[in-house]
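Topology and contacts: notes
Below, each chain spelled out in residue letters.
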Amino acid sequence: MKLSTNLLLAISSLIIFFISRTIAQERIEINPDGRDTIKYNSSTYSNVSFINDIVPFALTANYDCNLRMQVGGLAVGDIDNDFDLDVAIGCYRSQSFPPYTDWRNFVLYNQGGQLEATPGWWTKDSTSTTEVRIADFNNDSLPDIYSGNGDGSFPPDAIYFGVCGDCLSIVAGCT
């Protein structure tokens, strides 16, 4: 009698365990300041990986930039004032083989929720950039890009000031 009770309890536990694994689980993420809470049902996401059982990320990339560049720094911000997040990327030079022939900095604009496949803006100079920041350095309400440069040739840091109403073109600022 005792054996059958234990066996029945073990089988019941296994059934409950496997049923609970197939039932959708609600995931909750709360940011550190407590202002944003995101709730979602784990069964609605397929082909995802849960890091620390909280945040889902796709197992394959949603975007690929098909450029052969060595990225030394990047910054994310609304560079063209369209309320989408754009990406400013700084590249560095190295002694890699095969050699990298281009190490200009560039911007990938977000157009309607998708980053451009090719950069919308390039610097004219090729310096070795290891730090990038987006801010309004000259207080004209337009985003500017700071490029922190450095390698054996000690190029000066640069700021590219945003120009024109839509900020789509950026010209070299002070160095």
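Scoring rules and cut-offs
- Residues numbered from 1 in each chain as written.
- Predicted model: local features only at pLDDT ≥ 70, side-chain atom pairs only at ≥ 80, totals over all residues.
- Heavy atoms only, no water.
- Helix = DSSP H or I, 4+ residues; strand = E, 2+ residues; numbered from the N terminus.
- Buried < 20%, exposed > 50% of the residue type's maximum accessible area, 1.4 Å probe, protein only.
- Contact = heavy atoms within 4.5 Å.
- Areas by Shrake-Rupley, 256 points an atom, 1.4 Å probe, with all protein chains shown as cover.
- Salt bridge = Lys/Arg side-chain N within 4 Å of Asp/Glu carboxyl O.
- Core = buried A, V, L, I, M, F, W, Y, C linked by side-chain atoms within 4.5 Å.
- pLDDT = per-residue confidence, 0-100.
- Pairing = 2+ DSSP bridges.
- 1 Å grid on protein atoms, 1.4 Å probe; cavity = no way out; pocket = protein on both sides within 12 Å on 5 of 7 lines; lining within 4 Å.
- Points joined across faces, edges and corners; volume = space filled by probe spheres on them.

Comments concerning the overall build of the chain
Along the backbone of the chain there are 1 helix and 14 strands. Buried positions account for 25% of the 175 residues belonging to the chain. A separation threshold of at least 6 residues defines the contact pool for the chain, and within that pool the share at least 24 residues apart is 34%. Accessible surface computed for the chain: about 11600 Å², of which carbon and sulfur atoms make up 58%.

Re the pattern of salt bridges
Per the counting criterion, the structure on display carries 2 salt bridges. Here Asp102 and Arg104 are joined by a salt bridge, their closest N and O atoms 2.9 Å apart. Overall, the relative accessible area of 21% leaves Asp102 in the partly exposed class. According to the relative accessible area criterion, Arg104 is partly exposed, its value standing at 25%. A salt bridge links Glu131 to Arg133; its shortest N-O distance comes to 2.7 Å. Using a relative accessible area of 44% as the deciding quantity, one classes Arg133 as partly exposed.

So, the nonpolar core
Grouped together as the largest cluster of nonpolar side chains are 10 residues: Ala75, Ile79, Ala88, Val107, Tyr109, Trp121, Val132, Ile145, Ala158 and Tyr160. Ignoring anything within four residues of it in the chain, the contact list for Ala75 reads Asp86, Val87, Ala88, Val132, Arg133 and Ile134. Counting residues in hydrophobic clusters, the runner-up holds 6 residues, among them Met69, Ile89, Cys91 and Leu108.

Re the confidence of the model for the chain
If pLDDT is low for a region, its predicted coordinates should not be looked at in detail. For the chain, per-residue confidence averages 76 on the pLDDT scale, and residues scoring 70 or more make up 63% of the total. Contacts for the low-pLDDT stretch residues 165–175, under 50 throughout, to residues beyond four places or in other chains number 37 contacts.

What to know about the sheet that holds strand β6 (residues 86–91)
The 4 strands are arranged β5-β6-β7-β10 in an open sheet whose pairing can be described as antiparallel. Each of the sheet's edge strands pairs with one partner strand only, and the pair in question is β5 (71–77) and β10 (121–122). Relative to β10, strand β7 (residues 106–108) runs antiparallel, the two being bridged by 2 bridges. Bridge pairing links Phe106 to Trp122 in β10.

Points about empty space enclosed by the protein
Going through the model one piece at a time under the given rule, you end up with 1 cavity of 30 Å³ or more. Estimated volume of the largest cavity: approximately 50 Å³. Counting residues per element, the ones that place at least two in the lining of the largest cavity are β6, β7, β11 (129–135) and β12 (144–149).

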